[in-house]
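Listed below are the residues making up each chain.
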Amino acid sequence: MNTARLLLDPRRRVAPVPRRLFGSFVEHLGRCVYGGIYEPDHPTADADGFRGDVLALVRELGITTVRYPGGNFVSSYRWEDGVGPVDKRPARLDLAWHSLETNAFGLDEFMRWVGKAGVDPIMAVNLGTRGTAEAVDLLEYANHRGGSHLADKRRDNGAVDPYGIRLWCLGNEMDGPWQVGQRSATEYGRLAAQTAKAMRRFDSDLELVACGSSYLGMPTFGSWERDVLTEAYDDVDLISLHAYYQPVDDDLPSFLASAEDMDTYIDAVTAIADSVGAIRRSTRKIMIAFDEWNVWYQSAAPSTPPSGEDWPVAPPLLEDHYSVADAVVVGGLLISLLRHSDRVTAACQAQLVNVIAPIMTEPGGSAWRQTIFHPFARTARHARGAVLDVLRDSSTTTTDRYGVVDAVDAVSTWDDSTGEMTVFLVNRVLDTPAEVTVDVAGAQVGGIIECVTVGGADLDARNTADGPDHAEPRTNDTARGSGASVQLTLPQASWTMLRLRATDVTP
Ligand code: AHR
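Note that the coordinates shown come from a computational prediction; the quantities given were computed from them, not determined experimentally.

1. Structural notes on the overall build of the chain
Phase 1 of the analysis: Scanning the chain from N- to C-terminus turns up 10 helices and 26 strands.
Phase 2 of the analysis: Taking 23 Å as the expected radius of gyration for a compact globule of 507 residues, we find that the chain reaches 23 Å, a close match to that expectation.
Phase 3 of the analysis: The dimensions of the chain, computed from C-alpha atoms along their principal axes, are 65 × 60 × 45 Å.
Phase 4 of the analysis: Split by element, the accessible area of the chain, about 18500 Å² in all, is 49% carbon and sulfur.
Phase 5 of the analysis: The distance from the centre of the 46 positive side-chain charges to the centre of the 70 negative ones in the chain is 6 Å.

2. Describing the nonpolar core
Phase 1 of the analysis: If you look at the biggest cluster of nonpolar residues, it comprises 141 residues, and the most contacted ones within it are Trp113, Trp168, Leu170, Tyr188, Phe290, Trp293 and Leu337.
Phase 2 of the analysis: Both domains that meet at this core, namely domain 1 (3-10 + 386-504) and domain 2 (18-382), each give it at least three residues.
Phase 3 of the analysis: Once residues lying within four places of it in the same chain are set aside, the contact partners of Leu337 are Leu21, Met262, Ile266, Phe290, Trp293, Val344 and Ala347.
Phase 4 of the analysis: Counting residues in each nonpolar core, the second largest holds 27 residues, with Ala443, Cys451, Leu490 and Leu500 among its members.

3. Some points on the sheet that holds strand β9 (residues 207-210)
Phase 1 of the analysis: The 8 strands are arranged β3-β4-β7-β8-β9-β10-β11-β12 in a closed barrel whose pairing can be described as parallel. In this sheet, neighbouring strand axes are inclined to one another by 30° on average, regardless of whether the strands run parallel or antiparallel.
Phase 2 of the analysis: The pairing of strand β8 (residues 167-170) with β9 spans 4 bridges and is classified as parallel. When the sheet's bridge partners are listed, Trp168 is paired in β9 with Leu208.

4. Brief notes about the side chain of Asp237
Phase 1 of the analysis: Inspection of the secondary structure puts Asp237 in the loop between α6 (223-232) and β10 (238-245).
Phase 2 of the analysis: Within the local environment of Asp237, its side chain forms a polar contact with the side chain of Arg284, the two groups lying 3.1 Å apart.
Phase 3 of the analysis: Non-local contacts of Asp237, meaning those with residues more than four positions away in its chain, are made with Arg200, Leu206, Glu207, Leu208, Arg284, Lys285, Ile286 and Met287.

5. A closer look at unusual backbone geometry
Phase 1 of the analysis: With omega at 0°, the peptide bond leading from Tyr68 into Pro69 counts as cis.
Phase 2 of the analysis: By secondary structure assignment, the location of Pro69 is in the loop between β4 (65-68) and β5 (92-94).
Phase 3 of the analysis: Cis geometry is found at the peptide bond from Gly70 to Gly71, where omega equals 20°.
Phase 4 of the analysis: Topologically, Gly71 is positioned in the loop between β4 and β5.
Phase 5 of the analysis: Here the phi dihedral of Leu318 falls at roughly 55°; this positive angle occurs in a residue that is not glycine.
Phase 6 of the analysis: With respect to the helices and strands, Leu318 occurs in the loop between β11 (287-295) and α9 (324-339).
Phase 7 of the analysis: Since its relative accessible area comes to 1%, Leu318 is described here as buried.
Phase 8 of the analysis: A positive phi angle, close to 35°, is found at Ile356, a residue other than glycine.
Phase 9 of the analysis: Residue position: Ile356 is located in the loop between β12 (344-350) and β13 (359-361).

6. Brief notes about the packing of helix α3 (residues 132-143) against helix α4 (residues 149-156)
Phase 1 of the analysis: Where α3 contacts α4, the two axes come as close as 7 Å, and the packing angle between them is 45°. As the angle between them shows, α3 and α4 are arranged oblique. The hand of the α3/α4 crossing is right-handed. Taking contact as the criterion, the partners of Asp137, Glu140, Tyr141, Ala142 and Asn143 in α3 are, on α4, His149, Leu150, Ala151, Lys153 and Arg154.
Phase 2 of the analysis: Tallied by class, residues from the contact of α3 with α4 come to 4 nonpolar, 2 polar and 4 charged.

7. A closer look at the site of the ligand
Phase 1 of the analysis: If you check the shell around the ligand, you find 13 residues, and the closest are Glu27, Asn72, Glu173, Tyr244 and Glu292.
Phase 2 of the analysis: Here an oxygen atom of the ligand and a side-chain polar atom of Glu27 are 2.6 Å apart.
Phase 3 of the analysis: Relative to its unbound accessible surface of 280 Å², the ligand loses 95% to contact with the protein.
Phase 4 of the analysis: Its residues placed into classes, the shell around the ligand shows 6 nonpolar, 4 polar and 3 charged.

Cut-offs and rules
Residues numbered from 1 in each chain as written. Predicted model: local features only at pLDDT ≥ 70, side-chain atom pairs only at ≥ 80, totals over all residues. Heavy atoms only, no water. Helix = DSSP H or I, 4+ residues; strand = E, 2+ residues; numbered from the N terminus. Rg over C-alpha atoms; globule rule 2.2 N^0.38 Å. Areas by Shrake-Rupley, 256 points an atom, 1.4 Å probe, with all protein chains shown as cover. Lys, Arg positive; Asp, Glu negative; His and termini not counted. Charge placed at Lys NZ, Arg CZ, Asp CG, Glu CD. Core = buried A, V, L, I, M, F, W, Y, C linked by side-chain atoms within 4.5 Å. Buried < 20%, exposed > 50% of the residue type's maximum accessible area, 1.4 Å probe, protein only. Domains from an automatic or database assignment. Contact = heavy atoms within 4.5 Å. Pairing = 2+ DSSP bridges. Axes fitted to C-alpha atoms, helices over the stretch in contact; angles between N-to-C directions. Polar contact = N/O pair within 3.5 Å; in protein donor to acceptor, adjacent residues only side chain to side chain. Parallel < 35°, antiparallel > 145°, perpendicular 65-115°, else oblique. Left-handed = near helix turned anticlockwise from the far one by under 90°. Nonpolar A, V, L, I, M, F, W, Y, C, P; charged D, E, K, R; others polar. Near = heavy atom within 4 Å.

Such coordinate-based values are descriptive only and should not be taken to indicate function.
As structure tokens, this is what we get:
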């Protein structure tokens, strides 16, 4: 049996829980839009063609924001193709995913959908094949009240009120050789700065995200962030990070510890951004938008786009079917994001429906929750108030990829308004349970509200349209204690959420 001791204290706060950590991502890719959120012929579709069964699951998932329209797709997208009368919209080749884009769904449909889903939009502009002019046009169409050409077009298209989109991504993965319009860091940094300056002439309060590296292993990682921020430090508010995880060579122990990589990545980008700021003697801090993260089996067949003469509409692409082990990893990645909430102020799980997604659909048929749905939904619902700085003393385990790591990882939140303290934990060891003691200082635990666990067994189980909900959290009845201490057991390879009723007794 491994052991871990955690110390929580409501006086040791990292930051308020950024509700934007629980964002998602909808790209024109595969069946995310078409056959995912939008399927006019579906029995549950509403008058706008939005699937009602998907909307219900999206609300249950508890996401707060959605990034749109890409991803790689945005780098050759003309946003104007997707507005105005649908029968006049052109079909175009989508060079990112070798598909045919019908443009039946565009900005106005997306904004209607986010309204129904009750989430905030995050809009990406094309800085691959396009530039500052088109970004500013899109901003005028979306956010200007009226009286100008593009704002009046929006009004003519049925949206009288401006959309008021606050958070904008200046391109996508511009360091990647796979990106249409890849640029050097300095080239991109200048374009991002120029575009940001132009957008701020319209509205100085926009929040703008510059592209960071596409992942920590990029050969240009580090110099990319430094050079982009050297050009754009004063003009942007956030820098993006993207990371996808999968077991390499069936190495499950390292896969379960994927949050180690996320921690390292966030800490490294924070250090680089702060060093650029220090050299400039700047008092501003650049925040982090982890605006693509998830488990993704990138080398598996569903991730291979069509080729040659084949340009299908909404082909099934990147349709990973997630296991219970994947759900445990997703729970662990959320712990890493929360732990860094003083710097990571926005994040988007990629993506929302069908494409590496917590929600799957059948054309004309049912929609269901993948295993990874459950830790996300529970964390989004119960991580409230402030993130606490958890002091951790844990047994260790050795992984091939990350060396010696703590067996148990954890983060906690404390909500003054409800008196609820929630601890999210992962046991990252494949074959050994862990006894955990949670010591609470500065608060008295009145009781355990709920303790639920995902994993421990059937790590390879997956959900299907008709199959059971394998990662539906089940009660963990080992949790005991009150006052200053609670004990619980974490099964091997598992994610757990412990909710405590606690009273603040700080002087
Ligand atoms: O989310 C799938 C793809 O992953 C996105 O289009 C791209 O930004 C990233 O490489």
